[in-house]
Amino acid sequence: MVYGIVKQHGGEVSCYSELGHGSTFKIYWPATDQPSESAASPEGTRIPHHGNETILLVEDDEKLRELVRQMLLLQGYKVLETSQSSDAVGVASKHDGPIDLLLTDVVMPQMSGQEVAEQIVALRPGIKVVFMSGYPKSTTSGHGMPDPSAFFLQKPFGMDTLGQILRQVLGPGAKSAA
């Protein structure tokens, strides 16, 4: 029933399931220029979350990676991206300029987000890290999620939520790292 309704409205449904850990269903809706009623805010109350830093995005889901990349670009960030956790270290080592933040999925084939983060932090000390997952933070420890104090984005998230956590991690007036 849900699948039929989503398809009728031009959306997509994906499911990820793991024995003993449950299932995650993701619903993707087509993009629109019209804000939702809950997203509309009175003029002057919206806080912009713009930056100019460089972010390395590691996400194995192609549609989600494209969506997050677009959100980052709209907020002024420079984006390096890869779909493969194993390629992330190569992207980080080949990039000549600074990389200020790693935004990585927690659960991926080949290497977990934590493993990716450990290798990139060793390569680029001082880089900030934000993990994201469709799983609740409390259930990601078996999937390579670091300690509970790590910065975490629960999927799905919107542009405001993404912008808020990035500014929290990078700082409101943060400049690109050298």
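Everything in this summary refers to the structure shown in the same document. Every residue gets a number counted from 1 within its own chain, in the order that chain's sequence is written. Owing to the predicted nature of the model, reporting of local features is limited to residues with pLDDT of at least 70; listing and counting of side-chain atom pairs is limited to 80 or more, with chain, interface and lining totals taken over all residues. Water and hydrogen atoms were dropped before computing side-chain values, which therefore reflect all heavy atoms in the structure.

A closer look at helix H2 (residues 62-74)
Right, so step 1: Numbering of helices and strands starts at the N terminus; helices are DSSP runs of H or I of at least 4 residues and strands are runs of E of at least 2. Any helix carries an expected span of 1.5 Å times its number of residues minus one. If you check H2, its first and last C-alpha atoms are 18 Å apart, about what 13 residues at 1.5 Å a residue would give, namely 18 Å.
Right, so step 2: Throughout this description, buried means an accessible area under 20% of the type-specific maximum (1.4 Å probe, protein chains only), exposed means over 50%, and partly exposed covers the range between. Taken together, the buried positions of H2 are occupied by Leu64, Arg65, Val68, Arg69, Met71 and Leu72. Down the axis of H2, the sector holding all buried residues measures 160°, keeping them to one side. Turned more than 90 degrees away from the buried face of H2, the exposed residues are Glu62, Lys63 and Leu74.
Right, so step 3: Against strand E2 (22-28), strand E3 (54-58), strand E4 (78-82), strand E5 (101-105) and helix H5 (159-170) lie the buried residues of H2.
Right, so step 4: At the N-terminal end of H2, a side-chain oxygen is found 3.1 Å from the backbone nitrogen of lysine 63, two or three residues along, and the residue is aspartate 61.
Right, so step 5: Two residues or fewer past H2, glycine 76 is found with a positive phi of approximately 95°. Relevant arc is that of directions from the helix axis to the C-beta atoms, nothing else. By definition, residues are in contact when any of their heavy atoms lie within 4.5 Å. Two N or O atoms form a polar contact when they lie within 3.5 Å of each other; inside protein one atom must be a possible hydrogen donor and the other a possible acceptor, and for residues adjacent in sequence the pair counts only when both atoms belong to side chains.

A few points about the pattern of salt bridges
Right, so step 1: Basic side-chain nitrogens of Lys or Arg form a salt bridge, by our definition, when they fall within 4 Å of a carboxyl oxygen of Asp or Glu. Tallied over the entire structure, the rule returns six salt bridges.
Right, so step 2: Note that lysine 155 is salt-bridged to aspartate 105, the shortest N-O span being 3.2 Å. Here lysine 155 is found in the loop between strand E7 (151-154) and H5, whereas its partner aspartate 105 is found in strand E5, with 50 residues between them in sequence.
Right, so step 3: Residue lysine 155 is classed as buried on the basis of its relative accessible area, which comes to 7%.
Right, so step 4: Take aspartate 105: its relative accessible area is 5%, and that puts it in the buried class.
Right, so step 5: Several salt bridges share partner residues, and in doing so they unite Arg65, Glu66, Arg69 and Glu81 into one network.

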